[in-house]
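Here are the chains, one letter per residue:
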Amino acid sequence: MSQKSVEDLSRSFAFTSKLDSLVAWGRKNALWPLPYGTACCGIELMSVMGPRYDLARFGAEVVRFSPRQADLLLVAGTITEKMAPVLVRIYEQMLEPKYVLSMGACASSGGFYRAYHVLQGCDKVIPVDVYVPGCPPAPEAVLDGIMLLQRMIATNQPRPWRDHWKNPYTGKSLDLPASSLDQPRIVDGK
Amino acid sequence: MTKIDELKQELEKHFQAQAQNQNFKFSNSVGDDVIEVPKEELIAVLIHLKSVHRFDFLMDICGVDFPNREKRFEVVYHLFSSKDSSRLRLKTQVAEGEAVETATSIWKGADWFEREAYDMFGIRFDKHPNLRKILTHHQFVGHPLRKDYEADHQQHCTETLPIFFNNEGSSRGDVLNENLVPLNIGPSHPAMHGTLRVMVELDGETVVRANCEIGYLHRCFEKMAETHPYNQVIPYTDRLNYCSAPMNNVGYCKAVERLLGVEIPAKAQAMRVILCELSRIIDHIIAVGTGGVDLGALTAFFHLFSYREKVYTLFEKLCGARLTVSMTRVGGMAQDAPEGWFDDVMAFCKEMSAGVDEISRLMIDNKIFIKRTQGISPVSAADAINWGYTGPLLRASGVNLDLRKATPYYGYDGLNFDVPIGTNGDIFDRYLVRIEEMRQSIRIIEQVCKNVPGGDFTLRDKSLVLPEKKDVYGNIEGLMNHFMLVIKGLRPPVGEVYDATEAANGELGFYLVSDGSANPYRLKVRPPCFAIYQSFPTVVKGSMLADAIATVASMNVIAGELDR
Ligand code: SF4
């Protein structure tokens, strides 16, 4: 087969679809979380990672504290106004493709801190894919949230909230390849 | 002659030149001695009390806002004597824009407490070297704990501060030394436990200057307490020290109960003791386990957390929640222990005593661990007192002070247990003390579980405790009682109280001012690690960077209570 025909083939409908789902399958089963634990939920997140609940069973094995080595940001705990710029910076530093899970009432909505120094939900500054309710959520709930995220990844679910996200402080959007914004996605070959 | 009369005579003699004491007011509030002094005399009185009466600890400094008074603010100093365990409260009034002289020359520990009062109320402290914001972010305008600040008025922060240090003598903190390497660690760094930020200047590996910035988890606990009824504050206290939540519940409820002047039933006391000691064990597990992680020992963490899970299971059985239990109520416990719970606790104790031996073999008897921690950044007893250390860290420095022995509550005086004391106050000693405390806690729990008192788990005072649900739904009296209590809330009398318990990392104090309404007028928490952590830049000066990380871990800094 000539080089040209391979390229033609790779552009063909059937092949891309399989490649997409193959990549998605790989991504879903090799999540590297960055635990952004700030408060009580952070402690419960430790239990999720620790013995008994053992997050590693779900292909979210290697906990990384460097945003350059992680693709899943686990926001666990209250995000205060003072912390928000730090969170945004960490999110921007992570490499594509990246996902965000917000664990607990505080991270999702400010929780019961209707207060002057607490950000009312981390989605005020970064795009969130999955919200896990609870104060703190039981470890089982967090595992469920991660499995939900895995299903989203596996089906290449569109994430408009993320594609249109802009840094709240600088107004800059993420450097996404143009294609990921406009072209229709192919989900599971359908 | 009571203690306050002695103090009165003594002070009168000493200060007779100054206006014959016309201005000193002596009183007693719910068992605490209180002296009110004019602000000009304050420092002289503090120095005098420290030298003559040996009030060696400055436990806390806080402000209270009374917008309708002529002199709007009250600055309150909480003193403690390790000699006879007595407490004294010193108060002075300041008007807006006026300043009090700083107490940092008397106690080093006054530093952060004064900064906090400045941040929260705008009270200025003359001659304080670093009087700047501490809990709120640097773009924050106003002073949030003033009564005229709306609880939910948010102000956004858009950037973080560059590296800076404390002003010292001749050198300004924002001027960096160009021959040294500045390094920022955290927030959101594994060694900084999430929300701490440490900035250092390095000469090679050696720390020349260090500074810590806090406030990344300032969740406005005290403002929230002011805007909620007494019982609804309990869930907020859980989230102060989330490693040992029940201890905070107990500390808070104990303060409210003392202001109300009620004593809870024996069974509730026993349950509180068990909860507290179980929490102490899991808190020390976290301290030891994550301390190991910071030194590179990940196995210990995984191993220790399996014990923690077992305690969580006990909590779950008791009330359904794992981490944030909110098990106490003003007047007792929320509910009774389920059938067989005390036996489960006993079984856990048995397992745990084997576990503690294992932990100590794994960590404390480990050669690398010893090498990395022994003799590293020791704190002398005098320094520890000067900074306001309490709890395991103070005891590691060789001071025998444990509130469970010094001012026993809930029947601790009837129990057999020892208080472990260290010698050097280095990191190794701190872990030794913690491990031994776990053993003692097991002893305490076993003694209590062996004869749990019968009787009710809560008071049945209609003006304090909600009636049982079967009464609420079953008869009109219960319904009315429930209705009245929910609408009116429980209302302690006008007054104020400072009450302290021995929490896992030191003295946890609650200073509660009541104006007779259904919400606390002011609730000030004295978190143990706040006083401890402010010594960090001094303690690590001259040590290696890796040792500084080990020091943070050994201090067991919990951001929730540090930042409130
Ligand atoms: S959601 Fe609840 S448990 Fe989680 S950080 Fe907030 S207060 Fe703590």
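Cut-off values and rules
- Residues numbered from 1 in each chain as written.
- Chains lettered and ligands numbered in written order.
- Predicted model: local features only at pLDDT ≥ 70, side-chain atom pairs only at ≥ 80, totals over all residues.
- Heavy atoms only, no water.
- Helix = DSSP H or I, 4+ residues; strand = E, 2+ residues; numbered from the N terminus.
- Buried < 20%, exposed > 50% of the residue type's maximum accessible area, 1.4 Å probe, protein only.
- Contact = heavy atoms within 4.5 Å.
- Areas by Shrake-Rupley, 256 points an atom, 1.4 Å probe, with all protein chains shown as cover.
- Pairing = 2+ DSSP bridges.
- Axes fitted to C-alpha atoms, helices over the stretch in contact; angles between N-to-C directions.
- Phe/Tyr/Trp six-rings, centres within 6.5 Å; stacked < 30°, edge-to-face > 60°.
- Lys NZ or Arg CZ within 6 Å of the ring centre and 35° of its normal.
- Polar contact = N/O pair within 3.5 Å; in protein donor to acceptor, adjacent residues only side chain to side chain.
- Near = heavy atom within 4 Å.
- Nonpolar A, V, L, I, M, F, W, Y, C, P; charged D, E, K, R; others polar.
- Buried area = accessible area lost by both parts, 1.4 Å probe.
- Salt bridge = Lys/Arg side-chain N within 4 Å of Asp/Glu carboxyl O.
- Core = buried A, V, L, I, M, F, W, Y, C linked by side-chain atoms within 4.5 Å.
- Parallel < 35°, antiparallel > 145°, perpendicular 65-115°, else oblique.
- Left-handed = near helix turned anticlockwise from the far one by under 90°.

Participant: Hey, could you run me through the overall build of chain A in this one?
Facilitator: Broken down by element type, chain A carries eight helices and four strands. Start at the N end of chain A and walk to the C end: the helices and strands fall as α-α-β-α-β-α-β-α-β-α-α-α. Taking all 190 residues of chain A together, 49% fall into the buried category. Restricting to contacts in chain A with at least 6 residues of sequence separation, those with at least 24 account for 76%. For chain A, the exposed surface amounts to about 8800 Å²; the carbon and sulfur share of it is 58%.

Participant: What's the story with the pairing of strand β10 (residues 206–213) of chain B in this structure? I'm lost.
Facilitator: Residues in a regular strand project their side chains so that they alternate between the two faces of the sheet. All names here are of chain B. Counting buried positions along β10 gives six out of eight residues, so the element sits mostly inside the fold. Across seven bridges, the pairing between strand β9 (residues 197–203) and β10 is antiparallel. Looking across to β10, one finds that aspartate 203 is bridged to threonine 206. Between the antiparallel neighbours β9 and β10 lie two residues, among them glycine 204 with a positive phi of about 65°.

Participant: It is not clear to me how the sheet that holds β9(B) should be interpreted in this structure. Could you clarify?
Facilitator: Strand pairing within a sheet occurs via backbone hydrogen bonds; the two strands may be parallel or antiparallel. Residue and element names in this part refer to chain B. Read from one edge of the open sheet, three strands run β8-β9-β10, paired in antiparallel fashion. Single-partner strands in this sheet number two, and they are β8 (181–185) and β10. On average, adjacent strands in this sheet sit at an angle of 20° to one another, irrespective of strand direction. The strands that helix α19 (residues 545–555) touches are β8, β9 and β10; relative to β8, the one it contacts most, it runs at about 30°.

Participant: Before we go on, may I ask you to explain the packing of aromatic side chains in this structure?
Facilitator: Two aromatic rings, taken as a pair, are described by how far apart their centres are and by the angle between their planes. Summed over the entire model, instances satisfying the criterion amount to 22 aromatic pairs over all chains. Where B:Phe66 meets B:Tyr521, the ring centres are 5.3 Å apart and the plane angle is 15°; that geometry is what we call stacked. One end of the pair, B:Phe66, is in the loop between β3 (57–65) and β4 (73–80); the other, B:Tyr521, is in the loop between β14 (506–514) and β15 (522–526), with 455 residues separating them in the sequence. In this structure B:Phe66 comes out as buried when scored by relative accessible area, which is 15%. Relative to B:Phe302, the ring of B:Phe301 has its centre 5.2 Å away and its plane inclined at 65°; by these criteria the two rings are edge-to-face. For B:Phe302, a relative accessible area of 36% translates into the label partly exposed. An aromatic cluster of three or more residues is present, and its members are B:Trp112, B:Phe113, B:Phe530, B:Tyr533 and B:Phe536. A cation over an aromatic ring shows up here: A:Lys98 above the ring of A:Tyr91, its NZ or CZ 4.6 Å from the ring centre. Over the face of the ring belonging to B:Phe66 we find B:Arg69, whose NZ or CZ atom lies 3.8 Å from the ring centre.

Participant: I would appreciate a short explanation of the environment of B:Asn519 in the present structure.
Facilitator: All names here are of chain B. The topology assignment puts asparagine 519 in the loop between β14 and β15. For the pair asparagine 519 and tyrosine 230, spaced 289 residues apart in sequence, the C-alpha to C-alpha distance is 5.7 Å. Leave out the neighbours within four places in its chain, and asparagine 519 touches Glu226, Thr227, His228, Pro229 and Tyr230. At 3.3 Å, the side chain of asparagine 519 and the backbone oxygen of glutamate 226 are in polar contact.

Participant: When you look at the site of the ligand in this model, what are you seeing that I'm missing?
Facilitator: Taken together, 14 residues are adjacent to the ligand, and A:Cys40, A:Cys41, A:Ala105, A:Cys106 and A:Cys135 come closest. Looking at what sits near the ligand, you find residues from chains A and B. Mapped onto the shell around the ligand, the elements with two or more residues apiece are α3 (40–49) and α5 (104–109) of chain A. By residue number, the principal contributor to the shell around the ligand is α5(A), which donates three residues. Taken together, the residues of the shell around the ligand sort by class into eight nonpolar, four polar and two charged.

Participant: Help me out: how do you make sense of the pairing of strand β5 (residues 87–94) of chain B in this one?
Facilitator: All names here are of chain B. A large share of β5 lies buried, amounting to seven of its eight residues. Relative to β5, β4 is paired through eight bridges, and the arrangement is antiparallel. Directly across from phenylalanine 73, in β5, lies its bridge partner valine 94. Linking two consecutive strands that pair antiparallel, namely β4 and β5, is a turn of six residues; a positive phi of about 55° is found at serine 85 within it.

Participant: Looking at this model, I keep getting lost on the interface of chain B and chain A. Mind explaining?
Facilitator: Where the parts come together, the accessible area they lose is often given as the size of the interface. Taken residue by residue, the interface counts 52 residues in chain B and 36 residues in chain A. Summed over both partners, the interface of chain B with chain A comes to about 3800 Å²; 65% of that surface belongs to carbon and sulfur atoms. At the surface where chain B touches chain A, the tally comes to 19 residue pairs in polar contact (both at pLDDT 80 or more). Every element with two or more residues in the side of chain B that touches chain A is listed here: α4 (221–226), α5 (234–238), α7 (266–294) and α8 (298–319) of chain B. Sorting elements by how many residues they give to the side of chain B that touches chain A places α8(B) first, with nine residues. When its residues are assigned to classes, the side of chain B that touches chain A shows 25 nonpolar, 17 polar and ten charged.

Participant: What's the story with the pattern of salt bridges in this structure? I'm lost.
Facilitator: Pairing between side chains becomes possible if they bear opposite charge and their charged atoms approach one another. Residues and elements named next belong to chain B. With the rule as written, the count across this model stands at 50 salt bridges over all chains. For arginine 87, the salt bridge identified is with glutamate 507, shortest N-O distance 3.1 Å. Of this pair, arginine 87 sits in strand β5 while glutamate 507 sits in strand β14; the two residues are 420 residues apart in sequence, bridging distant segments of the chain. You can call glutamate 507 buried: its relative accessible area is 1%. Residues arginine 89 and glutamate 496 are paired through a salt bridge, measuring 2.9 Å at the closest nitrogen-oxygen approach. Separated by 407 residues along the polypeptide, arginine 89 in strand β5 and glutamate 496 in strand β13 (residues 495–503) bring together distant segments of the chain. You can call glutamate 496 buried: its relative accessible area is 10%. One network of salt bridges, with partners in common, ties together Asp32, Arg69, Glu74, Arg89, Lys91, Lys254, Arg258, Glu496 and Asp499.

Participant: It is not clear to me how the nonpolar core should be interpreted in this structure. Could you clarify?
Facilitator: In globular proteins that are soluble, nonpolar side chains generally tend to be buried together. Judged by nonpolar contacts, the single largest core of 189 residues is most densely connected at B:Leu46, B:Tyr77, B:Met352, B:Tyr389 and B:Tyr533. For this core, the leading source of residues is α7(B), giving 13 residues. Apart from residues lying up to four places away in sequence, B:Tyr389 is in contact with B:Phe57, B:Val379, B:Ala384, B:Leu394, B:Arg430, B:Ile532, B:Ser535, B:Val539 and B:Met555. Among the nonpolar cores identified, the runner-up in size contains 24 residues, and A:Tyr91, A:Val100, A:Val128 and A:Trp165 belong to it.

Participant: Help me out: how do you make sense of the packing of α7(B) against α8(B) in this one?
Facilitator: The angle between the axes and the distance between the axes are what describe a pair of packed helices. Residues and elements named next belong to chain B. At a minimum axis separation of 8 Å, α7 and α8 run at an interaxial angle of 160°. Taken together, the axes of α7 and α8 are roughly antiparallel relative to one another. α8 is crossed by α7, and the crossing has left-handed handedness. Residues Met271, Leu275, Leu278, Ser279, Ile282, Ile285, Ile286, Val288, Gly289 and Val293 of α7 lie in contact with α8, whose contacting residues are Leu298, Phe301, Leu304, Phe305, Tyr307, Arg308, Val311, Tyr312, Leu314, Phe315 and Leu318. Looking at side-chain class alone, the contact of α7 with α8 contains 18 nonpolar, two polar and one charged residues.

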